[in-house]
Protein chains: 2
Amino acid sequence: MDTPDIRPGEVTGPTPDRADAAITFIGRLRTPFARREDCPRRGDAETGPVCTVEVDPPLRPALQGLAPGMRLELLYWMHHARRDLLVQVPRRDPEPRGTFALRAPNRPNPIATSIVMVTAVTAEGLLVRGLDCLDGTPLVDIKPDFRRGGEPTSAA
Amino acid sequence: MDTPDIRPGEVTGPTPDRADAAITFIGRLRTPFARREDCPRRGDAETGPVCTVEVDPPLRPALQGLAPGMRLELLYWMHHARRDLLVQVPRRDPEPRGTFALRAPNRPNPIATSIVMVTAVTAEGLLVRGLDCLDGTPLVDIKPDFRRGGEPTSAA
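Predicted model, so just to flag it, every value in this text is computed and none were measured.

## Re the interface of chain A and chain B
Next up, step 1: With 56 residues of chain A at the interface, the matching set in chain B holds 56 residues.
Next up, step 2: Buried area between chain A and chain B, summed over both chains or domains, comes out near 5,200 Å², and the portion from carbon and sulfur atoms is 55%.
Next up, step 3: Between Glu73(A) and Arg103(B) there is a salt bridge, and its shortest N-O distance comes to 3.1 Å.
Next up, step 4: Linking chain A with chain B are 36 residue pairs in polar contact (both at pLDDT 80 or more), by the criterion used here.
Next up, step 5: Elements with a minimum of two residues in the side of chain A that touches chain B: strand E2 (21-23), strand E5 (71-77), strand E6 (85-88), strand E7 (97-98), strand E8 (111-121) and strand E10 (137-144) of chain A.

Here you go:
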């Protein structure tokens, strides 16, 4: 685990230690980003590289109805994050800000959300554009993105 | 737990039983919706009722930088959901669809995301518009919503 060090001005609290709920990973994200420094600052669902969403075999029936052209919201677990940072000093904008005013990976429950565009539905899951996470990141959920208009349809 | 029954055409799979990651609830959502049938179909960040986001005291320093007028993405745990449904038949549109093509509460990891508008920052947390969940729903995360333009600022 390459847990990052804290920077001057950052504030830590207690590390969360209650397991109030348990997450079961539903698959894994395959991206071209092997190291943290390779990851783009924010994924682009229009122009980003095509990445693979591997869904565990028992859950693949839950993909029924997804199709190319749909915008989805993916939730995933940032497995290298630290969970005790309350105030952070972003590298690009070094003013201290509360963790809940940032989308940084380090947070009490390190779950990220990304909007992606489906380019293909495959036997193993999906191909999508818009991810910016490390290769091998564990997947937590897949949902349609309703913020960009309307219900999902079965066609693209 | 009022776990809902399944409807004709719905498909179940194994109930997730691996604890790959542990969530620690960071607070609780207070809404006017005491029963499932009171919840609106989708929250409205402009016109919905003002609800309370209670943040646990040790985590309140992480709210630094949030202010009225900001749009946030809240993640919360749908504690009454069932986790084994792979194909569902929505009541309002009774065509079977995969769980990952729906935003329904029932899903392998029952985490919801909602976009809310901050109306006030209080000693205990936030007041927001846009929630549609049950009163008492456990809170998992608070993030700025970058999809509606730009970085968060410290002013509204």
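## What to know about the sheet that holds E7(A)
Residues and elements named next belong to chain A.
Next up, step 1: Pairing is antiparallel across the open sheet formed by three strands, whose spatial order is E1-E6-E7. Looking at the sheet topology across the chains shown, the edges are occupied by strand E1 (11-12) and E7.
Next up, step 2: Where E6 meets E7, two bridges bridge the pair, whose relative direction is antiparallel. For valine 87, the partnering residue across the bridge sits in E7 and is glycine 98.

## Notes on the relation of the copies chain A and chain B
Next up, step 1: It takes a turn of 180° to lay chain A on chain B, together with a shift of 0.0 Å along the axis; the resulting RMSD is 0.0 Å. Such values leave the two copies arranged in the relation of a two-fold axis. Residue Ala22(A) of chain A places its C-alpha closer to the rotation axis than any other residue of that unit, at 2.4 Å.
Next up, step 2: Most of the interface of chain A is mirrored in chain B: 100% of its interface residues are interface residues there too.

## Quick word on the pairing of E5(A)
All names here are of chain A.
Next up, step 1: Taken across its seven residues, E5 has seven buried, putting it largely inside the fold.
Next up, step 2: In E5, alternate side chains face the same way, and those of Arg71, Glu73, Leu75 and Trp77 on one face and Leu72, Leu74 and Tyr76 on the other are all buried.
Next up, step 3: Taken together, the seven bridges between E5 and E8 define a ladder with antiparallel strand orientation. Bridged to tryptophan 77 within E8 is isoleucine 111.
Next up, step 4: Pairing between E5 and E10: five bridges, direction antiparallel. Note on E10: the bridge partner recorded for leucine 72 is proline 144.

## A closer look at the confidence of the model for chain A
Residues and elements named next belong to chain A.
Next up, step 1: Considering every residue of chain A, the mean pLDDT works out to 90; 91% of them sit at 70 or more.
Next up, step 2: The low-confidence segment residues 148-156 (pLDDT under 50) makes 20 contacts with residues lying over four places distant or belonging to another chain.
Next up, step 3: For this predicted complex, the interface score ipTM comes out at 0.91, while the overall pTM is 0.91.

## With respect to the environment of Asp132(B)
All names here are of chain B.
Next up, step 1: Tracing the chain through its elements places aspartate 132 in the loop between strand E9 (125-129) and strand E10 (137-144).
Next up, step 2: Expressed as a C-alpha distance, the spacing of aspartate 132 and aspartate 44, which sit 88 residues apart in the sequence, is 8.2 Å.
Next up, step 3: When near neighbours in sequence (up to four residues on either side) are disregarded, aspartate 132 contacts Phe33, Cys39, Pro40, Arg41, Arg42, Gly43, Tyr76 and Ser114.
Next up, step 4: Here the side chain of aspartate 132 touches glycine 43 through a polar contact of 3.0 Å, landing on its backbone nitrogen.
Next up, step 5: Engagement of the side chain of aspartate 132 in a polar contact is seen with the side chain of tyrosine 76, the distance being 3.4 Å.

## Observations regarding the sheet that holds strand E6 (residues 85-88) of chain B
All names here are of chain B.
Next up, step 1: Here we have three strands laid out as an open sheet, ordered E1-E6-E7, and antiparallel in their pairing. Of all strands in the sheet, those with a lone pairing partner are strand E1 (11-12) and strand E7 (97-98), marking the two edges.
Next up, step 2: Strand direction decides the pairing type here: E1 and E6, joined by two bridges, are antiparallel. Paired with valine 11 across the bridge in E6 is valine 87.

## Overview of the side chain of Thr113(B)
Residue and element names in this part refer to chain B.
Next up, step 1: Relative to the elements of secondary structure, threonine 113 occurs in strand E8 (residues 111-121).
Next up, step 2: Taking the relative accessible area as the measure of exposure, threonine 113 reaches 7% and is therefore buried.
Next up, step 3: At 2.8 Å, the side chain of threonine 113 and the side chain of arginine 103 are in polar contact.

Reading guide: rules and limits
Every chain's residues receive numbers from 1 upward, in the order its sequence appears when written. The order in which chains are written sets their letters, starting at A; the order in which ligands are written sets their numbers, starting at 1. Where totals are concerned, whole chains, interfaces and linings use all residues; where local detail is concerned, this predicted model gives features only for residues with pLDDT of at least 70, and gives and counts side-chain atom pairs only at 80 or more. To obtain the side-chain values, all non-hydrogen atoms of the structure were used and water was disregarded. Contacts are assigned to residue pairs with any non-hydrogen atoms lying within 4.5 Å of each other. Summed over both partners, the accessible area lost on bringing two parts together, with a 1.4 Å probe, is the buried area. Here, a salt bridge means any Lys or Arg side-chain nitrogen found within 4 Å of an Asp or Glu carboxyl oxygen. The term polar contact refers here to a pair of N or O atoms within 3.5 Å; inside protein, the definition further demands a hydrogen-donor-capable atom paired with an acceptor-capable atom, and it admits residues adjacent in sequence only when both atoms are side-chain atoms. Helix numbers and strand numbers start at the N terminus; a helix is a DSSP run of H or I with at least 4 residues, a strand a run of E with at least 2. Here, any two strands with at least 2 DSSP bridges between them count as paired. Least squares is the method for superposing the copies, and the C-alpha atoms it fits come from residues with pLDDT of at least 70 in both. Each residue is placed in one exposure class: buried if its accessible area under a 1.4 Å probe, protein chains only, is under 20% of its type's maximum, exposed if it is over 50%, and partly exposed if it falls in between. pLDDT: the predictor's confidence for each residue, scored from 0 to 100.

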